[in-house]
There are 2 protein chains.
Amino acid sequence: MKTFALIVAGGSGVRMGGPLPKQFVEIAGKPILMHTIELFSRFDNKMELIVVLPAAQSIFWEELCRRHRFEIPHQVACGGETRFHSVSNGLELARGDGIVFIHDGVRPLVSSVTLRRCFETAVQQGNAVPAVPVSESVRWVENGLNHPVDRSKLVLIQTPQTFRLPLIQAAYRQPFDPAFTDDASVLEKTGAAIQLVEGNPENIKITWPADLRLAELMLETETSR
Amino acid sequence: MKTFALIVAGGSGVRMGGPLPKQFVEIAGKPILMHTIELFSRFDNKMELIVVLPAAQSIFWEELCRRHRFEIPHQVACGGETRFHSVSNGLELARGDGIVFIHDGVRPLVSSVTLRRCFETAVQQGNAVPAVPVSESVRWVENGLNHPVDRSKLVLIQTPQTFRLPLIQAAYRQPFDPAFTDDASVLEKTGAAIQLVEGNPENIKITWPADLRLAELMLETETSR
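Residues numbered from 1 in each chain as written. Chains lettered and ligands numbered in written order. Predicted model: local features only at pLDDT ≥ 70, side-chain atom pairs only at ≥ 80, totals over all residues. Heavy atoms only, no water.

### Regarding the environment of B:Ala171
Piece 1. Within the fold, B:Ala171 resides in helix α5 (residues 165-171).
Piece 2. Residues B:Ala171 and B:Ala210, spaced 39 residues apart in sequence, show a C-alpha to C-alpha distance of 36 Å. (Helix = DSSP H or I, 4+ residues; strand = E, 2+ residues; numbered from the N terminus.)

Laid out in structure tokens, this is it:
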């Protein structure tokens, strides 16, 4: 079965002249986005790779690839106004049937075990979304008040959200709805039930400076193995 | 105003002969619990420190203190059947009026800014609970089904949960209720409104091996400053 990875890096909001977008920050010697791409290529070296980048960043990305002699073949799709539009643009470059992993460019720590689980469940059930339990107490905040929430019923959703390609392509042809917070919510609106699979807790979305340091440490350890 | 820190380390479930309880794992040269105690002592060197440990661990802790020449004065209270009983036992050792920080022994990365915010809000409002936004999508799982939850309404709760001492002592005299998931929920049952303050995202509860490595990295950086 054909496999695709659609790696989404950066929203449309990144302005030129601002600080370096996170996907380009170097850890363990190269930009985060390259680590992420390598993960998928290592998992399956026949995978078709599509990277979605804001239009204003594509020249810079090409230059980074030259400078780092980054030679894993991949297509580049143009980011849209929202994540929905970005994924939509990327999915148009995928042809045929198969399984597509839709992944955040700034999650370089997904494990091959998680990828395997996602793949197998998506083959059988049409979709697979990795999730991990919540290890903190949780509260609901609304109108200045807050109350506890039963965290045992909650899971944190990671990526790659993984789909049978034609199903997710059809789902992304729906009109945009601001309630779409991730790919699972887009598919869900077509009536499909979302299949949760176990994620790996290290698979963080790099958001805070502390995350950057953790990712650096873990990728350096991996590289030196 | 008097200040107290009640540092809760380890539930009752830790069996002798099992792997080393997390609070005793060494990072940056000493047990996590010592880092946590030092945090509070550095924040306010007049703070009264109470460490709650399972009874079976107290001798081992004394020995660790000797071996590491750990000389920050602190009382040791005996852990109970549940976290509720442990905190309850610890609170009995605190006398007078003041502010008490109730903190997880395995959170050695709370910042002094967070401690300051907790202290000030607890002085003014009677309680303060640090919280951080959720950076992942969230789903609710029940009866084999799942649906998305609006994560912008959710916050993750950290410690130190901070209280005016007599208020939390009175709250802990209520009968035990399995719905008590943390100190805030115990106080809340007396009718008090919980005051959320901004936490610091690095203030993780060490739960996974990846957390241990992050904490190690951050504490080593701090030590070498």
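### What about helix α1 (residues 32-43) of chain B?
Residue and element names in this part refer to chain B.
Piece 1. For α1, spanning twelve residues, the distance from its first C-alpha to its last is 17 Å, which sits close to the expected 16 Å at 1.5 Å a residue.
Piece 2. In terms of burial, α1 is largely enclosed, as eleven of its twelve residues are buried.
Piece 3. Here α1 has its buried residues at Ile32, Leu33, Met34, His35, Thr36, Ile37, Glu38, Leu39, Phe40, Ser41 and Phe43. (Expected span 1.5 Å × (residues − 1). Buried < 20%, exposed > 50% of the residue type's maximum accessible area, 1.4 Å probe, protein only.)

### Things to note about empty space enclosed by the protein
Piece 1. In this structure the tally under the stated criterion is one cavity of 30 Å³ or more.
Piece 2. A volume near 700 Å³ is recorded for the largest cavity.
Piece 3. Looking at the largest cavity, it is lined by 33 residues, and the ones nearest its centre are A:Leu156, A:Ile204, B:Glu136, B:Leu156 and B:Ile204.
Piece 4. Grouping the constituent residues of the lining of the largest cavity by class yields 18 nonpolar, seven polar and eight charged. (1 Å grid on protein atoms, 1.4 Å probe; cavity = no way out; pocket = protein on both sides within 12 Å on 5 of 7 lines; lining within 4 Å. Points joined across faces, edges and corners; volume = space filled by probe spheres on them. Nonpolar A, V, L, I, M, F, W, Y, C, P; charged D, E, K, R; others polar.)

### Let's talk about the packing of helix α1 (residues 32-43) of chain A against helix α2 (residues 58-67) of chain A
Residues and elements named next belong to chain A.
Piece 1. In contact at an axis separation of 11 Å, α1 and α2 are set at 75° when each is read in the N-to-C sense. Taken together, the axes of α1 and α2 are roughly perpendicular relative to one another. Residue-level contacts link Leu33, Met34 and Ile37 of α1 to Trp61, Leu64 and Cys65 of α2.
Piece 2. Partitioning the contact of α1 with α2 into residue classes produces six nonpolar, no polar and no charged. (Axes fitted to C-alpha atoms, helices over the stretch in contact; angles between N-to-C directions. Parallel < 35°, antiparallel > 145°, perpendicular 65-115°, else oblique. Contact = heavy atoms within 4.5 Å.)

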